[in-house]
Amino acid sequence: MRKLWLAFTAVVVISFAVLGWVGFRIYQEKPPVPSRVVTAAGVTVVPEGMIQAGQNVWQSMGGMEVGSVWGHGSYVAPDWTADWLHREAVFILDEWGRAEFGREYGALAPEQQGQLQRRLQEIMRRNTYDPAAGTVTIDEVRARAFEANAAHFASVFRDGRDEYAIPAGALDDPGKLRELSAFFFWTAWAASTNRPGETITYTSNWPHEPLVGNVPTGEAVVWTGVSIILLLAGIAAMVWYYAGRREDGPLGTIPTGDPLLGYKATPSQLATVKYFWTVAALFLVQILLGVVTAHYGVEGGAFYGIDIASILPYTVARTWHLQLGIFWIATAWLAAGLYIAPAVGGVEPKGQRLGVNVLFAALVLVVVGSMAGQWLSVMQHLGSGTAWFYFGHSGYEYIDLGRAFQIALLVGLFLWLFLMVRAIRPALQRRDEQRSILTLFLISSLAIAAFYGAALGYGRHTNLAIAEYWRWWVVHLWVEGFFEVFATVVIAFLFARLKLVSLRTAGQASVLSSTIFLSGGIIGTLHHLYFSGTPTVVLALGSVFSALEVVPLLFVGYEAWHNIRLSKATAWVRKYRWPIYFFVSVAFWNMLGAGLFGFMINPPIALYYMQGLNTTPVHGHAALFGVYGMLGIGLMLFSLRALRPEEAWREGAVTFSFWAINVGLFAMVVVSLLPVGLMQTWASVTEGYWFARSAEFLQTGVMQTLRWLRVIGDTIFTLGALALVWFVAGLTTGHSIDKGEEWSPDARKVRV
């Protein structure tokens with residue numbers, strides 16, 4: 001066991017040292033934000049402070065929830081970086097074509113187009129940033145292109161565009177519209193300007209735009225090959241590992257009856273029930289908002305003809321859909337921890353129930369308060385000061401909360417950590433066979449509380465490249481990293497409580513699996529940052545370690561099979577089969593959603609063309625809900641089952657829910673999102689990234705049909721969600737309980 005802990009410690013320490021060093025490099029080599037943009041004649045195009053002000057305007061109106069920047073954000077509106085860059089390039093080429101050949105660029109002969117294109121690349125890729133003066137100097141023709149683009153984007157946000165799901169009046173203030181254009185210009189400037197002394201741009205030539213010479217770099221191709229080779233090597237190593245293990249023998253001595261029968265839940269454990277009610281309610285609201293959000297993709301100004309955009313615009317609907325998903329999943333996991341902690345410690349600490357209730361009140365405050373603030377911010381009701389930053393919308397996807405609510409959530413997480421530590425402390429002091437798994441339990445709990453603090457790493461004027469670095473600490477390390485470790489330990493504890501596995505074996509397996517997962521997962525965070533204004537080292541490390549991150553996910557079938565065997569171990573275990581089946585589905589979606597669909601977009605050359613296309617929500621839905629959502633549901637059902645183990649459930653609703661949710665999710669991804677994403681990838685490769693995200697492409701008949709086909713999976717999924725909520729509610733009202741039967745100590749259902 002000592003060797004396992006040494007390996008775990010080494011992996012964590014070395015990985016965070018590398019991640020910290022890369023962060024330092026990003027701080028050093030981030031794209032500069034000029035104080036002014038001027039022409040060669042000295043005319044100011046963008047005055048001092050306007051770019052930072054424009055970034056704040058973009059954030060306050062929803063930021064990444066309305067279109068995307070550098071490929072990160074939502075999918076209905078264009079990527080503003082790619083759109084600005086293409087429009088600027090076409091404006092310049094058309095002006096030159098009319099002046100020199102009497103025709104616009106598109107009507108010229110190939111050799112004439114090539115001549116103009118080479119000249120365009122010279123002026124677009126030349127780095128004219130002066131660090132001493134803090135200025136960028138552009139040609140007069142680029143200044144005219146700036147004015148044309150500024151007028152276009154002012155029209156988009158002032159007058160609205162149904163095809164972008166942007167309502168009229170989204171932004172009316174002329175000054176803010178100008179500032180917003182300045183920010184979009186800067187993101188496009190960073191994407192088309194070579195780094196000093198190099199031949200690649202600040203975003204490693206992203207987006208694909210042949211007009212300005214943005215094509216894949218040699219590094220993207222080489223490191224893609226390296227990542228694939230390492231993936232194959234990792235798979236081979238795992239095959240050797242599993243082949244060298246003994247075949248799974250008997251499960252060992254299984255109790256003849258349910259060990260939890262006769263167990264009296266503590267006051268704090270009973271207090272967690274309202275958390276699970278909240279989980280069910282938030283889950284239902286999230287699904288309904290998902291239906292609205294998806295529909296905006298085909299009918300951008302209404303919902304089946306009903307004008308709701310003036311009250312619930314796409315930006316708000318998508319923000320709430322994502323945020324509620326994280327809230328209900330995290331609530332399920334945290335509540336499961338609060339349930340299991342007193343059982344592990346063997347003692348109910350004094351005041352534990354009060355702490356659980358105070359934490360619940362804090363949760364309600366953060367959820368309701370942050371959602372209200374986001375609506376006010378997007379609707380431009382928080383004024384032009386700093387209220388939007390503290391109480392409105394951060395503008396950054398997945399950490400959309402205003403700063404005050406981020407701090408409140410962080411305080412709540414540390415309160416949860418305090419409640420967890422005081423409950424398991426007696427068990428830690430016993431130094432018995434469960435000490436190892438308890439130590440990992442404590443480490444993962446501390447990480448869950450602490451790593452959300454990375455959301456505070458950016459400020460109002462933080463460079464976008466740095467803000468992205470800290471954002472992905474939260475999204476990848478907090479959600480996909482240490483929550484995964486926490487879940488592994490919690491599931492082991494739950495099975496140990498049923499005496500289906502030994503704590504010693506569970507501890508060894510948990511430390512080993514966490515070490516393997518984190519060995520790729522921590523540094524693998526960087527694969528999100530290939531093209532976010534970061535140096536090439538990010539691409540190299542991110543591609544290699546994200547490939548290694550996939551390896552253990554391809555072998556989760558062993559875990560699934562083990563859980564299936566546990567569900568059939570003896571008659572009384574059957575009462576826990578639906579929580580266990582949800583754990584089995586976690587293994588399936590880990591393999592498909594996180595593993596296969598994740599690696600589909602992870603290699604640099606793939607993500608170069610796919611970033612921000614519908615291939616991203618393929619991975620997002622299948623991994624975030626398929627893995628973490630299913631796990632949250634499984635933990636909720638297990639906790640509710642264990643609170644009253646003698647009750648016999650009416651399982652019709654939960655049975656339907658399990659199959660409908662899984663089938664609906666699969667259909668949503670495979671029938672609609674995946675084909676749309678692959679079609680967009682084709683457009684990105686053949687025409688350019690801007691075209692793959694354009695209304696001209698997405699509004700074609702084939703694409704609209706594919707997007708409408710999502711209704712099939714969404715409907716099945718929603719029915720499953722409704723059935724689950726109905727079932728959970730029935731555990732309180734009684735309609736999900738068979739009051740004529742209960743489980744006897746000898747594992748039989750008996751009439752009462």
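Report on the accompanying structure. (Residues numbered from 1 in each chain as written. Predicted model: local features only at pLDDT ≥ 70, side-chain atom pairs only at ≥ 80, totals over all residues. Heavy atoms only, no water.)

1. As for the packing of helix α9 (residues 273-295) against helix α11 (residues 352-378)
Here is step 1: As a packed pair, α9 and α11 sit with axes 11 Å apart at the nearest point and diverge in direction by 20°. With respect to α11, the axis of α9 lies roughly parallel. Read as a crossing pair, α9 and α11 show a hand that is left-handed. Mapping the contact onto sequence places K274, Y275, T278 and L282 in α9 and V356, N357, L359, F360 and V367 in α11.
Here is step 2: Residue composition of the contact of α9 with α11, grouped by class: six nonpolar, two polar and one charged. (Axes fitted to C-alpha atoms, helices over the stretch in contact; angles between N-to-C directions. Helix = DSSP H or I, 4+ residues; strand = E, 2+ residues; numbered from the N terminus. Parallel < 35°, antiparallel > 145°, perpendicular 65-115°, else oblique. Left-handed = near helix turned anticlockwise from the far one by under 90°. Contact = heavy atoms within 4.5 Å. Nonpolar A, V, L, I, M, F, W, Y, C, P; charged D, E, K, R; others polar.)

2. Description of the pattern of salt bridges
Here is step 1: Within this structure, the stated rule accounts for 14 salt bridges.
Here is step 2: Two residues, D159 and R158, come together in a salt bridge whose shortest N-O distance is 3.3 Å.
Here is step 3: With a closest N to O distance of 2.9 Å, R318 and E397 form a salt bridge. With a gap of 79 residues between them, R318 in helix α10 (residues 314-345) and E397 in the loop between α12 (387-391) and α13 (403-430) connect regions that are remote in the sequence. We note that R318, like E397, is buried.
Here is step 4: Each of E65, R318 and E397 takes part in salt bridges that share partners, so that together they form one network. (Salt bridge = Lys/Arg side-chain N within 4 Å of Asp/Glu carboxyl O. Buried < 20%, exposed > 50% of the residue type's maximum accessible area, 1.4 Å probe, protein only.)

3. Some remarks on the nonpolar core
Here is step 1: Formed by 219 residues in total, the largest nonpolar core has its most connected members in W80 and F157.
Here is step 2: Looking at this core, the element that brings in the most residues is helix α15 (residues 464-497), giving 24 residues.
Here is step 3: Core analysis: the second largest hydrophobic core is formed by 23 residues, W206, A220, L607 and A692 among them. (Core = buried A, V, L, I, M, F, W, Y, C linked by side-chain atoms within 4.5 Å.)

4. So, the pairing of strand β6 (residues 135-138)
Here is step 1: Pairing analysis gives four bridges linking strand β1 (residues 36-39) to β6, with the strands arranged parallel. Bridged to T39 within β6 is I138.
Here is step 2: Connecting the antiparallel pair strand β5 (residues 129-130) and β6 is a turn made up of four residues, with G134 showing a positive phi of about 70°. (Pairing = 2+ DSSP bridges.)

5. Re the environment of L322
Here is step 1: One can find L322 in helix α10.
Here is step 2: Each C-alpha atom, one on L322 and one on A387, is 22 Å from the other, the two residues being 65 residues apart in sequence.
Here is step 3: Residues in contact with L322, not counting those within four places in the same chain, are E65, E397 and Y398.

6. Thoughts on the environment of Y202
Here is step 1: Following the sequence through the fold, Y202 ends up in the loop between α6 (174-192) and α7 (218-244).
Here is step 2: What makes Y202 buried here is its relative accessible area of 4%.
Here is step 3: The spacing of Y202 and E29 is 173 residues in sequence and 8.6 Å in space, taken between C-alpha atoms.
Here is step 4: Apart from the residues within four sequence positions on either side, Y202 is in contact with K30, P31, P32, N127, W189, A190, T193, N194, R195, P196, G533 and T534.
Here is step 5: Side chain to side chain, Y202 and N127 meet in a polar contact 3.0 Å long. (Polar contact = N/O pair within 3.5 Å; in protein donor to acceptor, adjacent residues only side chain to side chain.)

7. A short note on the packing of helix α1 (residues 2-29) against helix α14 (residues 435-451)
Here is step 1: Two elements in contact, α1 and α14, have axes separated by 12 Å at closest approach and are oriented at 15°. Put simply, α1 runs roughly parallel to α14. Helix-helix and strand crossings are classified by hand; for α1 and α14 the assignment is left-handed. Here W5, F8 and F16 of α1 lie close against α14, whose contacting residues are S436, T439, L440, I443 and F451.
Here is step 2: Partitioned by chemical class, the residues of the contact of α1 with α14 number six nonpolar, two polar and no charged.

8. Quick notes on the environment of H528
Here is step 1: Inspection of the secondary structure assignment puts H528 in the loop between α16 (503-521) and α17 (536-550).
Here is step 2: Taking the C-alpha atoms as reference points, H528 and V90, separated by 438 residues in sequence, lie 30 Å from one another.

9. Section: helix α4 (residues 110-125)
Here is step 1: For α4, built from 16 residues, the straight-helix expectation of 22 Å at 1.5 Å per residue is met to within 8% by its first-to-last C-alpha distance of 22 Å.
Here is step 2: Taken together, the buried positions of α4 are Q112, Q113, G114, L116, Q117, L120, I123, M124 and R125.
Here is step 3: Against the buried residues of α4 lie α3 (80-101), α5 (140-159) and α6. (Expected span 1.5 Å × (residues − 1).)

10. What to know about the packing of aromatic side chains
Here is step 1: Taken as a whole and assessed by the stated rule, the structure comprises 55 aromatic pairs.
Here is step 2: Taken together, a centroid distance of 5.5 Å and an interplanar angle of 10° make the contact between W84 and F153 stacked. Separated by 69 residues along the polypeptide, W84 in helix α3 and F153 in helix α5 bring together distant segments of the chain.
Here is step 3: Both rings, one in W84 and one in F185, keep their centres 6.2 Å apart while their planes meet at 70°; by these two values the pair is edge-to-face. On the criterion of sequence distance, the pair formed by W84 in helix α3 and F185 in helix α6 is long-range, its members being 101 residues apart.
Here is step 4: Here W84 falls in the buried class, since its relative accessible area comes to 0%. (Phe/Tyr/Trp six-rings, centres within 6.5 Å; stacked < 30°, edge-to-face > 60°.)

11. Description of the sheet that holds β6
Here is step 1: In spatial order, the strands read β2-β1-β6-β5; together these four strands make up an open sheet with mixed pairing. Among the strands making up the open sheet, the edge pair consists of β2 (44-46) and β5.
Here is step 2: In the sheet, β1 pairs with β2 via two bridges, with the strands oriented antiparallel. Its bridge partner being in β2, V37 is matched across the sheet by V46.

12. Considerations on unusual backbone geometry
Here is step 1: The omega torsion of the bond from W206 to P207 falls at 5°, within 30 degrees of zero and hence cis.
Here is step 2: Mapped onto the fold, P207 is located in the loop between α6 and α7.
Here is step 3: The residue Y398 is not glycine, and still its phi comes out positive at about 80°.
Here is step 4: Relative to the helices and strands, Y398 is located in the loop between α12 and α13.

13. Quick look at empty space enclosed by the protein
Here is step 1: Going through the model one piece at a time under the given rule, you end up with four cavities of 30 Å³ or more.
Here is step 2: By volume, the largest cavity is sized at about 220 Å³.
Here is step 3: Elements with a contribution of two residues or more to the lining of the largest cavity: α10, α11 and α13.
Here is step 4: Ranked by the residues each element gives to the lining of the largest cavity, the list is headed by α10, at six residues.
Here is step 5: Classifying every residue of the lining of the largest cavity gives 15 nonpolar, two polar and no charged.
Here is step 6: Volume-wise, the second largest cavity comes out at about 90 Å³.
Here is step 7: Lining the second largest cavity are 12 residues, and of these I326, Y398, I399, Y452 and W478 lie nearest its centre. (1 Å grid on protein atoms, 1.4 Å probe; cavity = no way out; pocket = protein on both sides within 12 Å on 5 of 7 lines; lining within 4 Å. Points joined across faces, edges and corners; volume = space filled by probe spheres on them.)

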